[in-house]
Amino acid sequence: MKRIIIIGGLSAGPSAAAKARREDENAEIIMFEKGSNISYATCGMPYAFSGIIENREDLIVVESDLMQNRFNIDVKLNEEILNIDTANKIVYSNKGDYAYDKLIMATGASSVVPPIKNIHIATNWSTCRSMPDFDKIMKEGLATSSKNITIIGGGLIGIEVAENLKLAGKNVTLIEGANEVLSMWQPKFGSIAEKILIEKDINVITSSFVSEFNVDKNGKISKVIIKGKEAIETDFVIVSVGIKPNTDLLLKQGAKHIKNGALIVNEFMETSIKDVYAAGDNVAIKNLQTNEYGYFPLGTHSNKAGRAAGANAVGSETIFKGAYNTAIVQVFDYTFARTGMNAKALKAQNLPFKKVLTIVGATPGYYPNKKEIVSEIYFNPTTKEIYGAELVGEVGVDKRIDVLSTAIYAKLKISDLAQLDLAYAPPYSPAKDPLVVSSFVSENIVNEKCPQISVEDLEVFMNETDASNYLLIDTRTQEEYEAGTLVNAINIPIDDIRSQIEFIKKEAKPVILICRSGLRAFIVQLILANNNIKEVANVAGGIKLWQLCNKTVTKPKEMFV
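The following paragraphs examine the structure supplied in this document. (Residues numbered from 1 in each chain as written. Predicted model: local features only at pLDDT ≥ 70, side-chain atom pairs only at ≥ 80, totals over all residues. Heavy atoms only, no water.)

A few words on the nonpolar core. Grouped together as the largest cluster of nonpolar side chains are 59 residues, with contacts concentrated most on Phe49, Leu165, Leu197, Ile238, Phe336, Leu486 and Leu545. Sorting elements by how many residues they give to this core places helix α6 (residues 187-199) first, with 5 residues. In this structure, Ala20, Met67, Ala255 and Ala305 belong to the second largest nonpolar core, which totals 50 residues. (Core = buried A, V, L, I, M, F, W, Y, C linked by side-chain atoms within 4.5 Å. Buried < 20%, exposed > 50% of the residue type's maximum accessible area, 1.4 Å probe, protein only. Helix = DSSP H or I, 4+ residues; strand = E, 2+ residues; numbered from the N terminus.)

See the structure below:
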């Protein structure tokens, strides 16, 4: 009888065990878990802090009894594997040793603990990755005596924890070392997320690293120390600054790995060691766009990889090709999503690209409670193949990002988006879906018919260029203009633009057009082009994106005083 040993019982392990049993009824399958629980939803923990997920038991996806009774898996809880002899195919636990025919490493990853002074003697802090972490946070961090909570790390988990602790009535401070939160996204999206958090009364501190905890004689943290900034009073600290793959047992055996220690596996989930498979947050898989091995620690990949590893360990043939950085996160009323390569990644790969940014209604203007989606799509300037995209909005972001992720997998061009037969009805989408609009706008960008300038580039341009050397025209109504505009902008409403053609020609300067979100400026841009005014750019996303990115506007009366 073939013996399959699986080390790790969180996500990939149970997936591998169940699939192996479905493929082979006769194999002996043993799964080891060093803790007392298997298959719990770490991604759901933040939502239990606020009570959205009501019970601890709801986080347990599969009980060990079910794995044993339904799938005939020998589940060994509280039994840690301490060593592996891959030459003789034996694993050694704290309770015994076991021979194997095939081994599946599903050991996951552990939270990184930063080198903060006094962290190892402090008591009132936790990471947020395991059920013991969850229980400690629920007992101490959510206690009535804990009013001020500090979160270190502004990535996906840090953001989710911050939101849900705020919803639980806590005073929350979020500290991030990068210049903005959600640093996986382009900076403007991080700025938008930061603005939302601040508006929800979360204290956000970026470009900062915690150097020390002030602790009392009992190890209780009272203050978080940041160099050069005022100390943060706190009752509890949650650390979420990253994870490290749990791969030491195989690294000692010479397994191939990437820089962070994640095991390199092929599409069959085989490691470089014979008869040893791996799946989950301890592996590096192919980036399907760059063909390089990357680290993608998400539950979606853990489950698919575990399924493939379990099938292949019993002799079936199932592949998991890889991933390309699709992610999504809720920030209060907004959803942030991304897929593929953004500008930072494309520059790192030395790949030329163009981008198209639009702000379009997620539903028709006539439908109640209209919401908009900000989308930026990156594409190959020659082939037009979509490289990646980032979106934010209150409604429909999840639908559009999955369409774009599918488009990347299928190697569609950005022009193909306009040809997709997307579902339409007023509660769900306007007649011209935001992705279709992006496709239309991209044609003008490719043809250099209507160049865009980003809010980031505009800010740099305005800081570096004397205002007398360009013409900045706000094409909104006078009422909108007077409520707030950009410094040095003059107001020529769209419906008056034709009467001002000679004035614009006489100025003989590069023209920058801005409106609320881009549409009116685009129409004016076409009018100017058709009147032989060529050096014209419109601000992608307009005043709305400028303000979303936490940039200030000025009232004209104050500007020209």
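Inspection of every chain in the model, using the stated rule, returns 21 salt bridges. Among the salt bridges present, the one from Asp433 reaches Arg400, with a minimum N-O distance of 2.8 Å. Taken together, the residues span a long stretch of sequence, with Asp433 in the loop between α10 (397-409) and α11 (434-446) and Arg400 in helix α10 at a distance of 33 residues. Here Asp433 falls in the buried class, since its relative accessible area comes to 4%. Put simply, Lys89, Lys102 and Asp275 are held in one network by salt bridges that share partners. (Salt bridge = Lys/Arg side-chain N within 4 Å of Asp/Glu carboxyl O.)

So, on to the sheet that holds strand β21 (residues 293-294). Overall, mixed pairing links the 3 strands, which are arranged β18-β20-β21 in an open sheet. Of all the strands in the sheet, just β18 (263-264) and β21 have a single pairing partner and so form its edges. Relative to strand β20 (residues 283-286), β18 is paired through 2 bridges, and the arrangement is parallel. Residue pairing in the sheet places Leu263 in a bridge with Val283 of β20. (Pairing = 2+ DSSP bridges.)

Scanning the entire structure with this criterion turns up 1 cavity of 30 Å³ or more. For the lining of the largest cavity, the secondary structure elements donating two or more residues are β20 and α8 (299-313). The greatest single-element share of the lining of the largest cavity, amounting to 3 residues, is contributed by α8. Residues of the lining of the largest cavity, tallied by class, amount to 8 nonpolar, 3 polar and 1 charged. (1 Å grid on protein atoms, 1.4 Å probe; cavity = no way out; pocket = protein on both sides within 12 Å on 5 of 7 lines; lining within 4 Å. Points joined across faces, edges and corners; volume = space filled by probe spheres on them. Nonpolar A, V, L, I, M, F, W, Y, C, P; charged D, E, K, R; others polar.)

This part covers the sheet that holds strand β3 (residues 74-77). In space, the 5 strands of this open sheet follow the order β3-β2-β1-β7-β19, with parallel pairing throughout. Two strands in the sheet have a free side with no partner beyond their single neighbour: β3 and β19 (276-278). This sheet shows a mean twist of 20° between the axes of neighbouring strands, independent of strand direction. In terms of strand pairing, strand β2 (residues 28-33) meets β3 through 4 bridges, oriented parallel. Looking across to β3, one finds that Ile30 is bridged to Asp74. (Axes fitted to C-alpha atoms, helices over the stretch in contact; angles between N-to-C directions.)

Looking at the element boundaries, Ala143 is found in the loop between α4 (131-141) and β10 (148-152). Separated by 354 residues in sequence, Ala143 and Ile497 place their C-alpha atoms 61 Å apart. Sequence-distant contacts of Ala143, defined by excluding residues within four places in its chain, comprise Met138 and Lys170. (Contact = heavy atoms within 4.5 Å.)

Glancing now at the layout of surface pockets. The volume enclosed by the second largest pocket comes to roughly 610 Å³. Along its surface, the second largest pocket is lined by 27 residues, and Ile359, Val360, Val437, Val441 and Leu519 are the ones closest to its centre. Those elements giving two or more residues to the lining of the second largest pocket turn out to be β24 (354-361), α11 and α15 (519-529). Top contributing element to the lining of the second largest pocket by residue count: β24, with 5 residues.

For helix α3 (residues 64-71), the set of buried residues is Ser64, Met67 and Phe71. On an axial view of α3, the arc spanned by its buried residues comes to 85°, and they lie on one face. Turned more than 90 degrees off the buried face of α3, the exposed positions are Asn69 and Arg70. Those residues of α3 that are buried are in contact with α1 (12-23) and β3. Remark: Asn72 follows α3 within two positions and exhibits a positive phi of approximately 55°. (Arc of directions from axis to C-beta.)

Once that is clear, we can look at the pairing of strand β30 (residues 511-514). Alternating residues of β30 divide into Val511 and Leu513 and Ile512 and Ile514, and every residue in both groups is buried. Judged from the 4 bridges that link them, strand β28 (residues 471-474) and β30 form a sheet pairing that is parallel. In the strand pairing of β30, Asp474 is matched with Ile514. In this sheet, strand β31 (residues 536-539) lies alongside β30 in parallel orientation, the contact comprising 3 bridges.

So yeah, pure geometry; function would need other evidence.
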